[in-house]
Amino acid sequence: MVTMLDRKLLRDVWQLRGQVLAIALVVAAGITGYVGSLSSYDTLRDLQASHYERARFAQVFAVGKRAPLGLVDRLLEIPGVTEVEATVRFDVLLDLPGVVEPLTGRMIALPEHGLPRMNRLTLMRGAWIDVPDSNQALVNETFASAHGLAPGSRVDALLNGKRESLLIVGTVISPEYIFPSRGSFGDERSFGLFWVGRQRLAAAFNMEGAFNSVAVRLEHGASEAAVIAGLDRRLDRYGFTGAHGRADLPSHRVLTQEISQWKVYGTTLPVIVLGVAMFLLNVALTRQIGTQRGQIAALKALGCDDGQLGRHYLKFVLVIVLIGGPIGIAGGAYFGYSVSQLYARFFRIPDFEYRMLAWIPVSAVLLSLAAAALAVLGALLRVVRLPPAEAMRPPAPASYGPTLGERLGLARLYSPSVRMVVRDIERKPLRAMLTTVGIASAVGVMIAGTWWRDSVDYLLDVEITMRDRQSVSVVLTDPVSTAALYDFAQLPGVLRAEADRDAPVRLSHGLRSYRTSVSGMASDSQMRPLLDASFARAPVPSAGIVLNRRLAERLDVQLGDTVHLEVLQGERRHADLAVVAYSFEQMQLPAHMDRDALNRLLGEGQAMSGARLLIDATQREAVLRRLKQTPRVAGAMEIGPMIRYVRDNTARNVLFFSSIMAVMGSAIAIGVVYNNARITLAERAWDLASLRVLGATRGEVSGLLLGELGAELLLALPLGCVMGYGLAWSIVTLSAQQEIALPLVVQPRTYAFACLVVLVAGALSALIVRRRVDELDLVAVLKTRE
């Protein structure tokens, strides 16, 4: 049944429809961010889990040199192990027609019975291999798409020094290589995955009756650590580098970190937006109560109790939230679907299906309703406590007096119209301050949603360029004597060559451990110097170990503490080393040692596992062709193309996220500016109409009204930049445990874009209100109650 108060509520909502819609859009922006971020997180996490389950993704992995196939039965005896699949894999150089850059391919042998039982492949195009002993091959979909490969294409590969031509019969995706990568950044162009017949690959690398890669599935509830320990005991003697779980698998780790960041966004940015909405609701209701004092008195006199009136004005607020709720949920669904689809396409996750669990939109609306009720609690209490006799009297007029500037003798420096604007701001400082903060939050939200572009550019332009100064990095199939460096240095077009010595290790301190690599550093290196936090060259200590600062925090070690190092290759040597310095890489968590000290620890003499080459740009193609013909080279990566690839991927995503953030920022700015302008217009309509009657032009009158908004808008821009930087810092802090730590870098272009969007949104709101000023009915406004 519709009551008298309900009809009044509908009239109030309709009369204030502009303000109601503006505030509802701000509420909708907060709900959009909340629903979109959390539904993206839930959808991607569900896609990951369901894909892993369908593909029977293994839980534990190990890679080594060579172990007999008969060992598989012993691995099955380990408590907690339900299934073991052993195979052969090798990284080789590829040669594609028309491609000068060196490409790396990982050749993986298919089981003799056909297809893998675990880590199952999903066929995207073409067909499965039907002649296992032939040169037929399957290739991962990302590499195939990047190079235009299709069923029927041919790829030349250097298998153990012998060139083989592979016939592509199908393209696939694998849960083990959702993010194909040999380094910190994935590169779908330079790193491909190929599945071939076991007999052919084993014969090429003398691996008949043997394996060098194993995947294991566990019983439900089995201890992963115990299984890893059991695998290590049985595989150590065969040159394996230590078993590890999914958490240490690069592809899984990158995907999991990318998914997790949306949970961070879903719990930070919406809080700010909803805070602005609550402020607007409080201002709107306070103003509504102030203009309806007489109606409140009449209603109380007619028998409406305090509870009815309180619920009536609470409904006014809840109606605004309920208007913004569906808009926000719809926007959040679009945002979440777009983000989820973007990630599913990038990572090639099949069977994409967006989902939004009911608790996400329900909790968004309930949180908004609760926050709205809390925000207007003070105003509702004033309604309840307002005696009828007091309500019948108009509110006491505001006290006027000279402003602070006038008292300081500065009044002559500005015009009377500016003096009126300053007086109005000084008379209501709290509202002016909150309006400024509300507009600033629009700038802050936009900066917090787009700053990562600047961070990635910093990683590419500063972090990689300063630390990796070579043109090409070469990886060898096995460590060789450093005498081989001479062969690289003598290649025509090579200006400088330096040896690389890296080894996989497990670092432990107390109950904490971490798998990483230790790099042998040379004090005179020009292409891979050890740098301090300010990118100045740091000396390479002759003894001890240098840890990445974030790695030291993970292991809970300080300078001077001792860490236990276990080499995960060769003789699996152990050593206790003092932490003598920190390094400050943002990508990965490496450790460093003096190269000679590392070689002594490994017991392999003066050896190198790769090389860094600085090449003459005019002879680039000749150098790369020679590298592709070198038998002991397992892979080579150009720094320049890798940087361009990452930059191109970033650029494709920037437009989408910038558009979303611009819409959210505009909604906040319009909501704040328009709402405040309408309230100011309602409060000063009599004054403005009087000025019009006294001869003031429409422009002069509008200037008085919008001057205050302009001042608040200009004050909000620098404050918003500070808020945006603070929000970005919060996101970095909450994401600090990721392997790639995005540095907190915000470029002027990001500040400028956020400020420009807010200025445009504020100007549009001001123009709408300006029309209201021009359309003032002077006679109606000037009628006053005696």
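Attention here is on the structure that accompanies the text. This is a predicted model, so every value here is computed, not measured.

A few points about unusual backbone geometry
Argument step 1. Of note in the backbone geometry, Arg56 takes a positive phi value of approximately 50 degrees without being a glycine.
Argument step 2. Following the sequence through the fold, Arg56 ends up in the loop between helix H2 (17–54) and strand E1 (60–68).
Argument step 3. Here Arg56 falls in the partly exposed class, since its relative accessible area comes to 22%.
Argument step 4. Located in the positive-phi region is Asn206, a residue other than glycine, with phi close to 55 degrees.
Argument step 5. Here Asn206 shows up in the loop between helix H5 (198–204) and strand E10 (210–218).
Argument step 6. Take Asn206: its relative accessible area is 52%, and that puts it in the exposed class.

Here we look at the nonpolar core
Argument step 1. Of all hydrophobic cores here, the largest spans 113 residues; its most connected members are Trp262, Leu281 and Leu285.
Argument step 2. With residues up to four places along the chain from it excluded, the contact list for Leu285 reads Tyr313, Phe316, Val317, Val376, Ala379 and Leu380.

Remarks on the sheet that holds strand E20 (residues 607–615)
Argument step 1. Taken together, the four strands give an open sheet; going across it, the order is E13-E20-E12-E21, and neighbouring strands pair in antiparallel fashion. Because the sheet does not close on itself, it has two edges, and the strands there are strand E13 (494–500) and strand E21 (633–638). Across the sheet, the mean angle from the axis of one strand to that of its neighbour is 25 degrees, orientation sign disregarded.
Argument step 2. By the bridge criterion, five bridges tie strand E12 (residues 472–481) to E21 in an arrangement that is antiparallel. Bridging from a neighbouring strand, Val475 pairs with Gly635 of E21.

Thoughts on helix H17 (residues 452–467)
Argument step 1. At Leu459, H17 shows its strongest bend, of approximately 35 degrees.
Argument step 2. When H17 is considered as a whole, its buried residues turn out to be Trp452, Arg453, Asp454, Ser455, Val456, Asp457, Leu459, Leu460, Glu463, Ile464 and Arg467.

Here we look at the pattern of salt bridges
Argument step 1. The tally for this structure, following the rule as stated, stands at 31 salt bridges.
Argument step 2. Arg612 is paired through a salt bridge with Asp500; the nearest N and O atoms lie 3.0 Å apart. Of this pair, Arg612 sits in strand E20 while Asp500 sits in strand E13, placing them 112 residues apart in sequence. You'll find Arg612 and Asp500 in the same group, each marked buried.
Argument step 3. Taken together, the shared-partner salt bridges in this structure form one network comprising Asp232, Asp236, Arg506, Glu566 and Arg572.

Remarks on the packing of aromatic side chains
Argument step 1. One pass over the full model with this rule turns up 14 aromatic pairs.
Argument step 2. Taken together, a centroid distance of 4.4 Å and an interplanar angle of 50 degrees make the contact between Tyr52 and Phe57 tilted.
Argument step 3. Note on Phe57: relative accessible area 0%, which makes it buried.
Argument step 4. Taking the centre distance of 5.8 Å and the plane angle of 70 degrees together, the rings of Phe143 and Phe194 count as edge-to-face. Residue Phe143 is found in helix H4 (residues 141–147), and its partner Phe194 is found in strand E9 (residues 191–197); the two are separated by 51 residues along the sequence. No difference in accessibility class separates Phe143 from Phe194, as the two residues are buried.
Argument step 5. Taken together, Phe179, Trp262, Phe335, Tyr343, Phe346 and Phe347 form an aromatic cluster joined through their ring pairs.

A look at the environment of Ser223
Argument step 1. Locating Ser223 in the fold gives a position in the loop between E10 and helix H6 (224–235).
Argument step 2. Separated by 144 residues in the primary sequence, Ser223 and Pro79 place their C-alpha atoms 8.9 Å from one another.
Argument step 3. Here Ala226 takes part through its backbone nitrogen, which lies 3.2 Å from a polar atom of the side chain of Ser223.

Some words on the environment of Val418
Argument step 1. Tracing the sequence through the fold places Val418 in helix H15 (residues 416–427).
Argument step 2. Spatially, the C-alpha atoms of Val418 and Gly449 are 36 Å apart, while their sequence positions differ by 31 residues.

Observations concerning a nonpolar patch on the surface
Argument step 1. A cluster of nonpolar side chains, Leu430, Met433, Leu434, Val437 and Leu719, forms an exposed patch at the surface whose accessible area comes to about 400 Å².
Argument step 2. Sort the elements by how many residues they give to the nonpolar patch and helix H16 (residues 429–450) lands first, with four residues.
Argument step 3. Its location among the elements puts Val437 in helix H16.

Observations concerning empty space enclosed by the protein
Argument step 1. Across all of its chains, the model carries five cavities of 30 Å³ or more by this definition.
Argument step 2. Roughly 240 Å³ of internal volume is contained in the largest cavity.
Argument step 3. Looking at the largest cavity, it is lined by 20 residues, and the ones nearest its centre are Glu85, Thr87, Ile108, Asn119 and Glu176.
Argument step 4. Looking at the lining of the largest cavity, the elements that each hand over two or more residues are strand E2 (81–87), strand E4 (103–110) and E10.
Argument step 5. Across the lining of the largest cavity, the residue classes tally to 13 nonpolar, four polar and three charged.
Argument step 6. A volume near 80 Å³ is recorded for the second largest cavity.
Argument step 7. As for the second largest cavity, its lining consists of 13 residues, and the residues nearest its centre are Asn140, Ile173, Ser174, Tyr177 and Ile178.
Argument step 8. Contributing elements (two or more residues each) for the lining of the second largest cavity: H4, strand E8 (162–173) and E9.
Argument step 9. Of the residues in the lining of the second largest cavity, the class split is eight nonpolar, three polar and two charged.

Some words on helix H7 (residues 250–266)
Argument step 1. Between the first and last C-alpha of H7 there are 25 Å, a value that for 17 residues agrees with the 24 Å anticipated at 1.5 Å per step.
Argument step 2. The buried count for H7 comes to 12 of 17 residues, which makes it a mostly enclosed element.
Argument step 3. Taken together, the buried positions of H7 are occupied by Ser251, His252, Arg253, Val254, Leu255, Gln257, Ile259, Gln261, Trp262, Val264, Tyr265 and Gly266.

What counts and what doesn't
- Each chain has its residues counted from 1, following the order in which its sequence is written.
- Confidence filtering applies because this is a predicted model: local features only for residues at pLDDT of at least 70, side-chain atom pairs given and counted only at 80 or more, and all residues used for totals across whole chains, interfaces and linings.
- Water and hydrogen atoms were dropped before computing side-chain values, which therefore reflect all heavy atoms in the structure.
- Every helix listed is a DSSP run of H or I at least four residues long, and every strand listed is a run of E at least two residues long, numbered separately from the N terminus.
- Any residue under 20% of the maximum accessible area for its type is buried, any over 50% is exposed, and the rest in between are partly exposed; the area is computed with a 1.4 Å probe on protein chains only.
- By nonpolar core we mean a set of buried residues, namely Ala, Val, Leu, Ile, Met, Phe, Trp, Tyr and Cys, connected to one another through side-chain atoms within 4.5 Å.
- Contact between two residues is taken to exist if any of their heavy atoms lie within 4.5 Å; hydrogens are not considered.
- Pairing between two strands is assigned when DSSP locates at least 2 bridges connecting them.
- Only the stretch in contact is used when a helix axis is fitted, and all axes are lines through C-alpha atoms; the angle between N-to-C directions ranges over 0 to 180 degrees.
- What is called the bend at a residue is the angle between a pair of axes, fitted to the seven residues leading up to and ending at it and to the seven starting from it.
- For salt bridges, the criterion is a side-chain nitrogen of Lys or Arg within 4 Å of an Asp or Glu carboxyl oxygen.
- In summary, the pairing rule links any two rings of Phe, Tyr or Trp, Trp by its six-membered ring, whose centres are within 6.5 Å, and it sorts them by plane angle into stacked for under 30 degrees, edge-to-face for over 60 and tilted for everything else.
- Nitrogen and oxygen atoms within 3.5 Å of one another constitute a polar contact, given that in protein one can donate a hydrogen and the other can accept it, and given that sequence-neighbouring residues count only through two side-chain atoms.
- Grouping into patches uses exposed residues only, defined as over 30% relative accessible area, and leaves out salt-bridged ones; the cut-off is 9 Å for like charges and 5 Å for nonpolar side chains (Val, Leu, Ile, Met, Phe, Trp, Tyr).
- A 1.4 Å probe and the Shrake-Rupley method give the accessible areas. Residues count as covered only by the protein chains that appear here.
- Each cavity reported here is a set of points on a 1 Å grid over the protein atoms alone in which a 1.4 Å probe fits but cannot get out, each pocket an open set with protein on both sides within 12 Å along at least five of seven lines, and each lining residue one with an atom within 4 Å of a point.
- Grid points are joined across faces, edges and corners, and a volume is the space filled by probe spheres set on the points.
- Nonpolar residues are Ala, Val, Leu, Ile, Met, Phe, Trp, Tyr, Cys and Pro. Charged residues are Asp, Glu, Lys and Arg, and all others, Gly as well, are polar.
- Multiply 1.5 Å by the residue count of a helix minus one, and that product is the helix's expected span.

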